[in-house]
Every structure is written in C-alpha cells, then in structure tokens.
Amino acid sequence: MKTFVFLLGFLLAMPVYAAELGDSYVKLFNVQLQIAKSGNPGAQYSLGQMYEQGLGTKTNLEKAYEWYEKAAKQGDVRAKHKLATRNQPQDALDLTPEPEAAPVTKSAPAKADPELVAKKKAEEARLMAKKRAAAKAALAKQIAEMQAHESDIGW
C-alpha cells in the first residue's frame, strides 16, 4: 500500500516538475534575449540555439539563424560553424537517417523487415536522446554560469 501511495504521489508530481522546467526555459530565454540584445555574442549564439530547439519559445529557424549571424559577426566560432554547416545536405551532417530504398517492382512491393525497422527506429531515438541531453547539459552550464555571474555582481 505504501508503494502504491508513493508511486501515485510521484506520478502526480511529474507534470508539476515538467511545468517548472518549462518555466525555467522561459525565464532563461528572457534573460538570454536581454543579454543578446546588449551585444553579447555568447548570449546571441545561445539564443539562436533556444530558437532552433524551441526551448523557452516556439521553434523559429529564421530567428535562430539571425542570432547566429549576429554572433558570428562578432567572432563567435560556434555560430560561424552553425552558419557554415547550414547549407550542407542533411545526410552530410548525419542528422537524419537514410531513406528506405524504393521497391524494385511496382507489382510486388517489398515489405520492410520488421526487425530492421525496429533497429532503425531505436537508433534514431538514441541519437535524438543524445542530442537532447547535450543541449540540456549546455543550457544547464549556461544557467550555472549566469547564476555565478549574478552572485558576483550582487543581483
């Protein structure tokens, strides 16, 4: 019974935690926006990432690359790399899986091997999880740096 009550409490608390995390991204986005507007290239790059990934705001690739361009003009190497790889084909960047081969004949379409499809989906999910984890780690580092900076200046 105690286990059931614990699990129920845990499950009910998860949406609250997720909402708080979303609020944190919104707050971070607003802080990054103010710093980026002041001309800080690191904040401009970070704001571009937030627009690109939809963290604290809606995903907007046009705005993301506008902020990357501003950061790159000030010498931010990460932004220059983003802009340099922007026009490369997706397969050259290894961001998307290869498309499945078309059937050889129209009369007898080839059926996909369920095991192969499952492996492919699992690999895609693993890569996306890895990318999300890297983005979250980068944002957590930025938050820690901003908090340290705020304590240094007495905010």
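Just so we're clear, the structure is a prediction, and the values are computed from it rather than from any experiment. (Residues numbered from 1 in each chain as written. Predicted model: local features only at pLDDT ≥ 70, side-chain atom pairs only at ≥ 80, totals over all residues. Heavy atoms only, no water.)

> Would you mind going over the side chain of Ser-46 with me for this structure?
With respect to the helices, strands and loops of the structure, Ser-46 is situated in helix H2 (residues 41-53). Accessibility expressed as a relative area gives 3% for Ser-46, which makes it buried. What Ser-46 contacts, discounting residues up to four positions off in sequence, is Gln-32 and Gln-142. (Helix = DSSP H or I, 4+ residues; strand = E, 2+ residues; numbered from the N terminus. Buried < 20%, exposed > 50% of the residue type's maximum accessible area, 1.4 Å probe, protein only. Contact = heavy atoms within 4.5 Å.)

> Which parts of the structure should I look at to understand the environment of Lys-70?
Here Lys-70 is to be found in helix H3 (residues 61-73). Linking Lys-70 and Gln-44, residues 26 residues apart in sequence, is a C-alpha distance of 6.8 Å.

> I tried to follow the side chain of Asp-76 on my own but got confused; where do I start?
With respect to the element layout, Asp-76 can be found in the loop between H3 and helix H4 (77-86). On the basis of relative accessibility, which here comes to 10%, the residue Asp-76 falls in the buried class.

> For this particular structure, what's the right way to read the packing of H2 against H4?
The axes of two packed helices give the description: the angle between them and the distance between them. Across the interface, H2 lies against H4 with an axial gap of 9 Å and an inter-helix angle of 40 degrees. Relative to H4, the element H2 is oriented oblique. Residues Gly-42, Tyr-45 and Glu-52 of H2 touch H4, and the partners they reach there are Arg-78, Ala-79 and Lys-82. Its residues assigned to classes, the contact of H2 with H4 comprises 2 nonpolar, 1 polar and 3 charged. (Axes fitted to C-alpha atoms, helices over the stretch in contact; angles between N-to-C directions. Parallel < 35°, antiparallel > 145°, perpendicular 65-115°, else oblique. Nonpolar A, V, L, I, M, F, W, Y, C, P; charged D, E, K, R; others polar.)

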